[in-house]
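# Breakdown of the fold
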Amino acid sequence: MNFTSPLLNWYDAHSRNLPWREQKDPYKIWLSEIILQQTRVEQGMAYYYAFVERYPGIRQMADATEDEVLKLWQGLGYYSRARNMLHTAQFVTRQLNGSFPSTAKEIQKLKGIGPYTAAAIASIAFNEPIAAVDGNVLRVISRFFGIQDPVDKPDGRSQVDTLANEYLNRLRPGDFNQAIMDLGSQVCKPRNPLCSSCPIQKDCMANALGLTDKIPMKQGKTKVSEWHLDYLVLTNKGHIAMKQRTRQGVWKNLWDFPETNISSPTVRDEFPEIPSEISHSTQIPELLATFSHKLSHRDITARFFLLHISNTPDTINGQNVIWTPKKRFGELAVPILIEKFWSKHQQNFD
DNA sequence: CATACGTGGCC
DNA sequence: TGGCCAAGTAT
């Protein structure tokens, strides 16, 4: 099988010039890998630059607050990555004396780092011969070797792991891993792969069998459930009531508005009750907007009810709130759903 | 082992 | 359009 050599030759000629590839700084490689988990390079690039500028090294990141890191991360999604990243920055700085672990085994003990990211950092930053198997590698390897078992099941997955480590170039493990990822993202794409431009087309099983649109085979589909969210947008003289999502769950530690207590689908035509903490209000909440928003696992329908009130209680429907001046709304890390609502309707809050 | 966890792009 | 996919991890 002619796999590794043509792959590395192709990489030498076509590798992308990415900022975290300019040096072998474990901090920057780690940061880029966390950002790029389940995220395309094009989407993550601006965030990478923002983080490197704000935190040139892991020690600077360790001194940050979680609110600040989440605000920088806003819009990237999977916010546990940001929380775990800060935790790891503090752990490496304070417990490991600022020295990033140098083996995949040790790296994987850090929060937010699993088998893929540990192997990627170890191979790229420390030259450890270990295959980093991500979605691209799963696709390239399963197509090239014609693996027709589902790659999201243990059997198919372990076949790919084995082959990737078997064909790994032990002299250039980091380049080998990045070469497959670049090939997977630029040539061996999920749909409409550019097989005629592929350096390993000649020995590719999926290409020979006409199965590039069938491989990689996958089994699992996560079911999407519906979720109704009813927000109370309370204002008082240019201040807005905001609450932090501290409970375990989606958007943890990001900010949004207090929620009403009428989220049951059967009573969705009713107006929300006035929270008992509100001293007196002659009007009823006005339905300002209805937004739909899709998460990977939820279809959200969010309604935003506006109400001007004359006191500033510390809790709304039992939820702790802060009263944020309208000018400072932008300092809070909010879900994209809230950001979109805000950018469209903030003029209503004067 | 299955499910939770965001958002944007593509066809 | 709705479903799939993206440099996955934690539980």
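The model shown is predicted, which means the values in this text are computed figures rather than measured ones. (Residues numbered from 1 in each chain as written. Chains lettered and ligands numbered in written order. Predicted model: local features only at pLDDT ≥ 70, side-chain atom pairs only at ≥ 80, totals over all residues. Heavy atoms only, no water.)

## Here's the deal with the domain arrangement of chain A
According to the domain assignment, chain A contains domain 1 (4-209) and domain 2 (225-349). A straight line from the C-alpha centre of domain 1 to that of domain 2 covers 37 Å. Contacts between the two partners involve nine residues from domain 1, matched on the other side by 14 residues from domain 2. A combined buried area of about 870 Å² lies between domain 1 and domain 2, and 50% of that area is made up of carbon and sulfur atoms. When the buried surface of domain 1 facing domain 2 is broken down by residue, Lys-71, Gln-74 and Tyr-79 rank first, second and third, together holding 50% of it. Our count for the domain 1 to domain 2 interface comes out at zero salt bridges. Scanning the region where domain 1 abuts domain 2 turns up seven residue pairs in polar contact (both at pLDDT 80 or more). When residues of the side of domain 1 that touches domain 2 are assigned to their parent elements, the largest contribution, four residues, is made by helix 5 (residues 66-73). The class makeup of the residues in the side of domain 1 that touches domain 2 is three nonpolar, two polar and four charged. (Domains from an automatic or database assignment. Contact = heavy atoms within 4.5 Å. Buried area = accessible area lost by both parts, 1.4 Å probe. Salt bridge = Lys/Arg side-chain N within 4 Å of Asp/Glu carboxyl O. Polar contact = N/O pair within 3.5 Å; in protein donor to acceptor, adjacent residues only side chain to side chain. Helix = DSSP H or I, 4+ residues; strand = E, 2+ residues; numbered from the N terminus. Nonpolar A, V, L, I, M, F, W, Y, C, P; charged D, E, K, R; others polar.)

## Some remarks on empty space enclosed by the protein
Enumeration according to the criterion identifies one cavity of 30 Å³ or more in this entry. Of the pockets and cavities examined, the largest cavity occupies roughly 110 Å³. If you go around the largest cavity, you meet 14 residues; those closest to its centre are Arg-143, Cys-188, Cys-195, Cys-198 and Cys-204. Broken down by element, the lining of the largest cavity gets its largest block of residues, three residues, from helix 9 (residues 135-144). (1 Å grid on protein atoms, 1.4 Å probe; cavity = no way out; pocket = protein on both sides within 12 Å on 5 of 7 lines; lining within 4 Å. Points joined across faces, edges and corners; volume = space filled by probe spheres on them.)

## A word on helix 11 (residues 173-186)
In this model helix 11 runs 20 Å from its N-terminal to its C-terminal C-alpha over 14 residues, within 8% of the 20 Å that 1.5 Å per residue would give. Within helix 11, eleven of the 14 residues are buried, leaving the element largely enclosed by the surrounding structure. For helix 11, the full list of buried residues reads Pro-173, Gly-174, Phe-176, Asn-177, Gln-178, Ala-179, Ile-180, Met-181, Asp-182, Leu-183 and Gly-184. For helix 11, the elements touching its buried residues are helix 1 (4-14), helix 8 (115-126), helix 9 and helix 10 (154-167). (Expected span 1.5 Å × (residues − 1). Buried < 20%, exposed > 50% of the residue type's maximum accessible area, 1.4 Å probe, protein only.)

## Structural notes on the packing of aromatic side chains
Tallied over the entire structure, the rule returns 22 aromatic pairs. With a centroid separation of 6.0 Å and 50° between ring planes, the pair formed by Tyr-27 and Trp-30 is classed as tilted. One end of the pair is Tyr-27 and the other is Trp-30, both in helix 2 (residues 26-36) and three residues apart, which spans about a single turn. A relative accessible area of 5% means that Tyr-27 is categorised as buried. Grouping aromatic residues by their ring pairs yields a cluster made of Tyr-231, Phe-257, Phe-291, Phe-304, Phe-329, Phe-341 and Trp-342. (Phe/Tyr/Trp six-rings, centres within 6.5 Å; stacked < 30°, edge-to-face > 60°.)

## Some details on the pattern of salt bridges
What the rule picks out here adds up to 15 salt bridges. In this structure, the salt-bridge partner of Asp-12 is Arg-172, at a minimum N-O distance of 2.7 Å. Remark: Arg-172 occurs in the loop between helix 10 and helix 11 and Asp-12 occurs in helix 1; sequence separation between them is 160 residues. Using a relative accessible area of 26% as the deciding quantity, one classes Arg-172 as partly exposed. Of the charged contacts in the structure, one is a salt bridge between Asp-256 and Arg-245, with a shortest N-O distance of 2.7 Å. Taken as a pair, Asp-256 in strand 3 (residues 255-256) and Arg-245 in the loop between strand 2 (239-244) and strand 3 lie far apart in primary sequence, eleven residues in all. Judged by relative accessible area, Asp-256 falls into the buried class, the value being 0%. Connected through salt bridges with shared partners, the residues Lys-243, Arg-245, Asp-256 and Glu-259 form a single ionic network.

## Some points on the protein's contact with DNA strand B
In the vicinity of DNA strand B there are 25 residues, among which Arg-40, Tyr-79, Pro-154, Trp-251 and His-293 approach most closely. Among all atoms of DNA strand B positioned within 4 Å of the protein, those belonging to sugar or phosphate total 58%. Gln-38 places a main-chain nitrogen or oxygen 3.3 Å from a base nitrogen of DNA strand B. Interatomic distance of 3.4 Å between a side-chain N/O atom of Thr-39 and a base nitrogen of DNA strand B. Among the elements of the structure, strand 4 (286-294) and helix 13 (336-345) are those that each provide at least two residues to the surface near DNA strand B. Here the residues of the surface near DNA strand B sort into nine nonpolar, nine polar and seven charged. (Near = heavy atom within 4 Å.)

## Quick notes on the protein's contact with DNA strand C
By nearness alone, 27 residues border DNA strand C, and Leu-36, Gly-112, Asp-134, Asn-136 and Arg-139 come closest of all. Among the atoms of DNA strand C lying within 4 Å of the protein, the sugar-phosphate backbone contributes 63%. In this structure, a phosphate oxygen belonging to DNA strand C sits 2.7 Å away from a main-chain N or O atom of Gln-38. Between DNA strand C and the protein, one listed contact pairs a phosphate oxygen with a backbone N or O atom of Gly-135 at 3.2 Å. Of all the elements in the fold, those that place two or more residues in the surface near DNA strand C are helix 2, helix 8, helix 9 and helix 11. Residue composition of the surface near DNA strand C, by class: nine nonpolar, eight polar and ten charged.

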